[in-house]
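Overview (structure and organization)
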Amino acid sequence: MAENAEKLQQQGLDDQDVYLLRQAAGLYGQLGNSAQQSYCLAEIQYAYLANIMSDACQFWELSKEQYKIIPPFPRYAEAVVVARPFPANLDALVSLKKHEQLYQSFSDYQDISKLSLKSWQLVLDTLFTTLTRQQIVSLLDTKLLTLRNLAFMDTLIVRSAP
């Protein structure tokens, strides 16, 4: 298996093939060779540093799925915030405490009925812990006119109770 990992690594480096380098990283991980595994995963870091956030997200997610490697925090979350639109980046916005960006993204988001209940709860939790009541009313005022989801309304009523 070590010989296969070496061949994949060399071929990946020669061809600049990220897929082969990820394969080599997986084999090195199974062999317990964390130094070589880290070296092979450098391509992911390169994508992040080169500001190609969508590629960085994709590489980290494949590495997590295939090799059980946990993406590095906060770099993965930062990449998600940049690469994905709201609400797909909501968890990352909250974990990085990018409240202003969350407010703006939520304000710009046109169809809150498409949010999942979990996302709605996360938005409300963030709003109610970081904004004043008046700011919350201003932000939700026009959105509530189109809100038809009773579960969303119930969540808002419960969350806004003193």
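This text goes with the structure placed above it.
Residues numbered from 1 in each chain as written. Predicted model: local features only at pLDDT ≥ 70, side-chain atom pairs only at ≥ 80, totals over all residues. Heavy atoms only, no water.

Right, let's get into the overall build of the protein. Summing up its helical and strand segments, the protein has 11 helices and 0 strands in all. Listing the helices and strands of the protein from first to last along the sequence gives α-α-α-α-α-α-α-α-α-α-α. In the protein, buried positions account for 37% of the 162 residues. Of the contacts formed within the protein by residues at least 6 apart in sequence, a portion of 45% connects residues at least 24 apart. Total accessible area computed for the protein in this model is approximately 9600 Å², and 53% of it derives from carbon and sulfur atoms. (Helix = DSSP H or I, 4+ residues; strand = E, 2+ residues; numbered from the N terminus. Buried < 20%, exposed > 50% of the residue type's maximum accessible area, 1.4 Å probe, protein only. Contact = heavy atoms within 4.5 Å. Areas by Shrake-Rupley, 256 points an atom, 1.4 Å probe, with all protein chains shown as cover.)

The next subject is helix H5 (residues 53-67). Count 3.6 residues to each turn of an α-helix, and residues three or four apart come out pointing the same way. Taking 1.5 Å of rise per residue, 15 residues should cover 21 Å, and H5 covers 20 Å from first to last C-alpha, within 8% of that figure. Positive backbone phi, at 60°, marks Lys68, one or two positions downstream of H5. (Expected span 1.5 Å × (residues − 1).)

In this structure, Phe86, Phe106, Leu115, Trp120, Leu127 and Leu140 are the most contacted members of the largest nonpolar core, which totals 31 residues. Breaking this core down by element, the ones donating at least two residues are H5, helix H6 (75-83), helix H7 (90-95), helix H8 (99-108), helix H9 (117-130), helix H10 (133-144) and helix H11 (150-160). By residue number, the principal contributor to this core is H9, which donates 6 residues. When sequence neighbours within four positions are dropped, the list of residues in contact with Phe86 reads Leu93, Ser105, Phe106, Tyr109, Leu115 and Val123. (Core = buried A, V, L, I, M, F, W, Y, C linked by side-chain atoms within 4.5 Å.)

Purely geometric numbers; function is a separate question.
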